[in-house]
Amino acid sequence: MIPVFSARHVEAAVSPERAVEAVHEAFVAYARGEWSMPPKVYVPAYPAGDFRAMPALGAGHALLKWVTSFPGNPARGLPTVTGLVLLSDASDGSLRAALDAGAVTALRTGAAAVLAAETLGRQDAETAAVIGAGVNGRAAAKTFLARGRSVMLWDVDEQRARAVADELGAYLASSREEALAADLLVTVTPGHEILLPEGSLHPGQHVSLMGADGPGKAEIAVAELARTRVFCDDWEQASHNGELVHAVEAGAIARADATELGTVLAGLTPGRESPDDITSFDSTGLAIQDLAIALAAMERANELDLPTLDL
Ligand SMILES: NC(=O)c1ccc[n+]([C@@H]2O[C@H](COP(=O)([O-])OP(=O)(O)OC[C@H]3O[C@@H](n4cnc5c(N)ncnc54)[C@H](O)[C@@H]3O)[C@@H](O)[C@H]2O)c1
């Protein structure tokens, strides 16, 4: 009997605070070589969207996330990101749980965005903003709030931004410019429009670039990314499918110019070095983050009345 965590069960099992802690530990374990992660496989179904198969191994477990990105879905009342996470025991291969991929993704994406902002942003950062108030932007805003920080929201769809702000207790930015100027900025848009042209970020600012996680997407201009101290979740993945791909192709950024967040969290490399540094974090989303959330959910499995799957 395999326990099944619906989105509601994932949210009940793992708080945003626990998600930050779990994702932090996963980044460190991966940086130390204790967890492993074969490359994410993209299965294109364009122009509608794409499927991704994301495996990881760590803490005695193996995980596969089968997940989508179908950007046109919200217009049809369907989620952009949907699918299933399978967690297995790595000692005998037995299936241990199935979890809703959208909920796991939102928790770990919000956690990574805020963890990067807290790690790389200025100690005295005052303002935080999330641009893009969809499923994963909402999760980032919720995580900022859970960490005790007020957050402003901005979205091209003002109604959506207002609804999320009201629901969470965040506030609406008065303009896109106000949001873009926040000390800790998180962008979670579909990546069809450059939000950050050359010269737009100010000294001391941090931006977590979460939206551009696949081919053809970008939220920052190459020249602007090159002005920042660049951090990423995983060089291999980000330089092939994230913001970094455009900069690498243009010859503006090479491997030596980008630092993986996990190595900073593990104390192996420095993060921000000066209050005036502009830091960026290019996130493409890692299966090790999903594994962290799935394991955290399993810690609470006995407390929840979970449906089961009898295979
Ligand atoms: N890095 C990661 O780990 C990760 C994880 C999940 C999703 N993503 C990516 O993040 C993006 C958003 O995903 P989602 O599930 O939240 O999608 P969503 O459709 O739920 O939300 C996207 C939001 O962005 C808004 N938006 C669109 N263009 C905008 C613009 N120019 N300025 C401001 N707001 C704008 C939309 O109105 C919408 O509210 C996608 O590209 C997705 O693939 C990345």
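Let us look at the structure shown here. (Residues numbered from 1 in each chain as written. Predicted model: local features only at pLDDT ≥ 70, side-chain atom pairs only at ≥ 80, totals over all residues. Heavy atoms only, no water.)

Looking at the packing of aromatic side chains
Link 1 in the chain: For the structure on display, the rule yields two aromatic pairs.
Link 2 in the chain: On the numbers, 5.3 Å between centres and 15 degrees between planes, the contact of Phe 51 with Trp 66 is stacked. Highlighted residues: Phe 51 in strand β3 (residues 49-58) and Trp 66 in strand β4 (residues 61-69), separated in sequence by 15 residues.
Link 3 in the chain: The class of Phe 51 is partly exposed, set by a relative accessible area of 26%.
Link 4 in the chain: Judged by relative accessible area, which is 40%, Trp 66 ranks as partly exposed.
Link 5 in the chain: Plain terms: the ring middles of Phe 51 and Phe 70 are 5.4 Å apart, the flat faces sit at 75 degrees to each other, and that makes the pair edge-to-face. Within this pair, whereas Phe 51 is found in strand β3, its partner Phe 70 is found in the loop between β4 and β5 (83-89), the two being separated by 19 residues in sequence.
Link 6 in the chain: Judged by its relative accessible area of 14%, Phe 70 falls in the buried class.
Link 7 in the chain: Through a chain of ring-to-ring contacts, the aromatic side chains of Phe 51, Trp 66 and Phe 70 assemble into a single cluster. (Phe/Tyr/Trp six-rings, centres within 6.5 Å; stacked < 30°, edge-to-face > 60°. Helix = DSSP H or I, 4+ residues; strand = E, 2+ residues; numbered from the N terminus. Buried < 20%, exposed > 50% of the residue type's maximum accessible area, 1.4 Å probe, protein only.)

Regarding the environment of Ala 226
Link 1 in the chain: Of note, Ala 226 is situated in helix α7 (residues 222-226).
Link 2 in the chain: In this structure Ala 226 comes out as partly exposed when scored by relative accessible area, which is 41%.
Link 3 in the chain: It is 7.6 Å that separates the C-alpha atoms of Ala 226 and Ala 247, two residues lying 21 residues apart in sequence.

As for the packing of helix α2 (residues 16-31) against helix α11 (residues 287-299)
Link 1 in the chain: Axis separation between α2 and α11 bottoms out at 8 Å; the angle between their running directions is 130 degrees. Comparing their axes, α11 and α2 come out oblique. By crossing handedness, the relation of α2 to α11 is classed as right-handed. Here Arg 18, Ala 19, Ala 22, Val 23, Ala 26, Phe 27 and Tyr 30 of α2 lie close against α11, whose contacting residues are Ile 288, Gln 289, Ala 292, Ile 293, Ala 296 and Glu 299.
Link 2 in the chain: When its residues are assigned to classes, the contact of α2 with α11 shows ten nonpolar, one polar and two charged. (Axes fitted to C-alpha atoms, helices over the stretch in contact; angles between N-to-C directions. Parallel < 35°, antiparallel > 145°, perpendicular 65-115°, else oblique. Left-handed = near helix turned anticlockwise from the far one by under 90°. Contact = heavy atoms within 4.5 Å. Nonpolar A, V, L, I, M, F, W, Y, C, P; charged D, E, K, R; others polar.)

Some remarks on the side chain of Gln 237
Link 1 in the chain: Secondary-structure assignment places Gln 237 in helix α8 (residues 235-241).
Link 2 in the chain: With relative accessibility at 7%, the residue Gln 237 sits in the buried group.
Link 3 in the chain: Those residues within four positions of Gln 237 in sequence are excluded, and the remaining contacts are Met 37, Lys 40, Gly 242, Thr 284, Gly 285 and Leu 286.

Here we look at helix α3 (residues 101-120)
Each turn of an α-helix holds 3.6 residues, which means side chains three or four residues apart point in the same direction.
Link 1 in the chain: Under the 1.5 Å per step criterion, the end-to-end length of α3 is 28 Å for 20 residues, consistent within 8% with the ideal 28 Å.
Link 2 in the chain: Between the side-chain oxygen of the N-cap and the backbone nitrogen of Gly 102 there are 3.1 Å, and the N-cap of α3 in question is Asp 100. (Expected span 1.5 Å × (residues − 1). Polar contact = N/O pair within 3.5 Å; in protein donor to acceptor, adjacent residues only side chain to side chain.)

Examining the packing of α3 against helix α4 (residues 135-146)
Link 1 in the chain: Remark: α3 packs on α4, axes separated minimally by 8 Å, with the N-to-C direction vectors making an angle of 55 degrees. One way to sum up the angle between α3 and α4 is to call them oblique. Seen along the crossing, α3 lies across α4 with a hand that is right-handed. Of the residues in α4, those touching α3 at Thr 105, Ala 106, Thr 109, Gly 110, Ala 111, Ala 113, Val 114 and Ala 117 are Val 135, Asn 136, Ala 139, Ala 140, Thr 143 and Phe 144.

Concerning the sheet that holds strand β11 (residues 206-209)
Link 1 in the chain: What the eight strands build is an open sheet, ordered β9-β8-β7-β10-β11-β14-β12-β13; its pairing is parallel. Both edges of this open sheet fall to β9 (171-172) and β13 (258-260), since each of them pairs with a single strand only.
Link 2 in the chain: On top of the sheet, α3 reaches β10 (184-187), β11, β12 (229-232) and β14 (279-282); it is set at about 155 degrees to β11, its chief contact.
Link 3 in the chain: α4 rests against β7 (128-131), β8 (152-154) and β10 of the sheet, and its axis sits at about 165 degrees to β7. (Pairing = 2+ DSSP bridges.)

Some thoughts on the pattern of salt bridges
Link 1 in the chain: Applying the stated criterion across every chain yields a total of 17 salt bridges.
Link 2 in the chain: Notably, a salt bridge pairs Arg 52 with Asp 213, separated by 3.0 Å at the nearest N-O pair. With Arg 52 in strand β3 and Asp 213 in the loop between β11 and α7, this pair connects stretches of sequence that are 161 residues apart.
Link 3 in the chain: Residue class for Arg 52 comes out buried when judged on its relative accessible area of 4%.
Link 4 in the chain: Since its relative accessible area comes to 17%, Asp 213 is described here as buried.
Link 5 in the chain: Linking Glu 193 and Arg 176 is a salt bridge whose minimum nitrogen-to-oxygen distance equals 3.0 Å. Taken as a pair, Glu 193 in the loop between β10 and β11 and Arg 176 in helix α6 (residues 176-180) lie far apart in primary sequence, 17 residues in all.
Link 6 in the chain: Several salt bridges converge on common partners, so that one network encompasses Asp 50, Arg 52, Asp 213 and Lys 217. (Salt bridge = Lys/Arg side-chain N within 4 Å of Asp/Glu carboxyl O.)

Here's the deal with the pairing of β5
Link 1 in the chain: As defined by bridge partners, β4 adjoins β5 across seven bridges and the pair is classed as antiparallel. Each residue of the ladder has a partner; that of Lys 65, found in β5, is Val 85.
Link 2 in the chain: Following β5, the chain reverses through five residues before pairing antiparallel with strand β6 (residues 95-100); Gly 93 in that reversal takes a positive phi of roughly 80 degrees.

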